[in-house]
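Read off the chains here:
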Amino acid sequence: MEKATINYIINTRDGSKILPLDQASLYYIDIYTSKYKDETDFIKNHPNRDKILNFIDSNNGKKGKLYLSYTVDLYKKRNIPLMYNNSDQIVLEDDSLNGKVSEIEKARRLLFNSKNQLFTRLLVRCSTFKETFEYHILISEEEYLFAKRNGIDVIKREDSYFIYFSELLKYRINNRKLGFLRELYEDMLEEWKYNMEDLNPDKLYYYSRQIRIMIDNYMKLSNKQISVKKLKMNLKNITSIAGRYIIKYNTVYRKRVINK
């Protein structure tokens, strides 16, 4: 698996000061940090605790925060949260025989229906998952007309109509009932799951652990009954991937074509 580094980062007027601590695969770092209750517990028991305290002292006593630096691809690194107090294994594949549901499948179900569509709001607003929704999906003329009537941006190419996955998510967030777009939305979620599970093992684990963290956050927010303001999306910030059309699979009623 790709290497991840635990860094202690202090933000100062002169920029971010970074103290590297541990490096291993994302999987093994998660196992390591999951044994601790929280960041305070982790630092208290870290072998280089004095090194962290001295680093704080050298920056005028200003405290920072622990992050994982993870290389997403050749051109991009992200600082992602650490996992604490987690004894449950991250499930990468559905296993019906043993009653295990993958993190991707849990997310798919919550994207279809969650309390006040809160999970969908959280996922769409998270930059981590933006690239996973950069698809167009083929729609019928009837779906095209319905989308236009409801203010959903669609794409017309010759005699075919396509819609952004992100547009369907935005529609779902703002509408309690899917109505005429229910089947289309179900197809989109199945396609999303298919593409996520088709990723290489490193990326599949990365997205699965990020989903686990987001589901935990969703459960906390949902239990506290905290409302989230309506999401506003700007399609100018969504980059489509040019390329050939690929028939992914057949639905009961039609073939869906994905532009990737």
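Here is what the cut-offs are and how they apply
Residues numbered from 1 in each chain as written. Predicted model: local features only at pLDDT ≥ 70, side-chain atom pairs only at ≥ 80, totals over all residues. Heavy atoms only, no water. Pairing = 2+ DSSP bridges. Helix = DSSP H or I, 4+ residues; strand = E, 2+ residues; numbered from the N terminus. Axes fitted to C-alpha atoms, helices over the stretch in contact; angles between N-to-C directions. Contact = heavy atoms within 4.5 Å. Phe/Tyr/Trp six-rings, centres within 6.5 Å; stacked < 30°, edge-to-face > 60°. Buried < 20%, exposed > 50% of the residue type's maximum accessible area, 1.4 Å probe, protein only. Lys NZ or Arg CZ within 6 Å of the ring centre and 35° of its normal. Polar contact = N/O pair within 3.5 Å; in protein donor to acceptor, adjacent residues only side chain to side chain. Salt bridge = Lys/Arg side-chain N within 4 Å of Asp/Glu carboxyl O. 1 Å grid on protein atoms, 1.4 Å probe; cavity = no way out; pocket = protein on both sides within 12 Å on 5 of 7 lines; lining within 4 Å. Points joined across faces, edges and corners; volume = space filled by probe spheres on them. Nonpolar A, V, L, I, M, F, W, Y, C, P; charged D, E, K, R; others polar. Arc of directions from axis to C-beta. Core = buried A, V, L, I, M, F, W, Y, C linked by side-chain atoms within 4.5 Å.

The four strands lie next to each other as β2-β1-β3-β4, forming an open sheet whose pairing is antiparallel. Pairing within the sheet leaves two strands with one partner each, and these edge strands are β2 (15-25) and β4 (76-80). Between one strand and the next, the sheet's axes are offset by a mean angle of 35°, whatever the strand orientation. By the bridge criterion, six bridges tie strand β1 (residues 3-12) to strand β3 (residues 65-73) in an arrangement that is antiparallel. Looking at the pairing, I6 lines up with L68 of β3. The strands touched by helix α1 (residues 26-33) are β1, β2, β3 and β4; relative to β2, the strand with the most contacts, the crossing angle is about 100°.

What follows covers the packing of aromatic side chains. Scanning the model with the defined rule gives 17 aromatic pairs in all. Taking the centre distance of 5.4 Å and the plane angle of 90° together, the rings of Y36 and F42 count as edge-to-face. Comparing Y36 with F42 shows no difference in burial state: the two are buried. An aromatic cluster is present here, built from Y32, Y36, F42 and Y84 joined pairwise through their rings. R172 extends its terminal NZ or CZ atom over the ring of F112, reaching a point 5.7 Å from the ring centre.

With that settled, consider the side chain of E167. With respect to the helices and strands, E167 occurs in helix α7 (residues 165-174). Within the local environment of E167, its side chain forms a polar contact with the side chain of K170, the two groups lying 3.2 Å apart.

One pass over the full model with this rule turns up 13 salt bridges. The salt bridge partner of K65 is E39, with a shortest N-O separation of 3.8 Å. Residue K65 is located in strand β3, and its partner E39 is located in helix α2 (residues 39-45); the two are separated by 26 residues in the primary sequence. Residue classification places K65 among the partly exposed residues on the basis of a relative accessible area of 43%. The closest approach of N and O atoms between R182 and E186, which form a salt bridge, is 3.5 Å.

With that out of the way, let us pick up the layout of surface pockets. Estimates place the volume of the largest pocket at around 470 Å³. Surrounding the largest pocket, 16 residues form its lining, L82, M83, Y84, I213 and K220 being those nearest its centre. Only β3 and α9 (201-224) provide two or more residues apiece to the lining of the largest pocket. Here the lining of the largest pocket gets four residues from one element, more than from any other, and that element is α9. Along the lines of polarity and charge, the residues of the lining of the largest pocket split into seven nonpolar, three polar and six charged.

It is worth spelling out the side chain of S69 at this point. Its place among the elements puts S69 in strand β3. By relative accessible area, S69 is classed as buried at 15%. If sequence neighbours within four positions are ignored, S69 has contacts with K3, A4, T5, N7, K77, R78 and N79.

On to α1, then. All buried positions along α1 are accounted for by L26, I29, D30, Y32 and T33. Buried residues of α1, viewed axially, fall in a sector of 160°; they line one side. Tucked into the core, α1 has its buried residues touching β1, β2, α2, β3, β4 and α9.

For A147, the position within the fold is in helix α6 (residues 141-149). According to the relative accessible area criterion, A147 is buried, its value standing at 0%. It is 9.4 Å that separates the C-alpha atoms of A147 and F180, two residues lying 33 residues apart in sequence. Once residues within four sequence positions are removed from consideration, A147 is found in contact with I152 and V154.

With that out of the way, let us pick up the nonpolar core. Among soluble globular proteins, nonpolar side chains are generally buried collectively. Within the largest apolar cluster, 66 residues are counted, with the highest numbers of intra-cluster contacts made by I6, Y8, L111, F119, F129, Y185 and W192. The element that contributes the greatest number of residues to this core is α9, accounting for nine residues. If sequence neighbours within four positions are ignored, I6 has contacts with L19, P20, L21, D22, I29, Y32, T33, F42, L66, Y67, L68 and L82.

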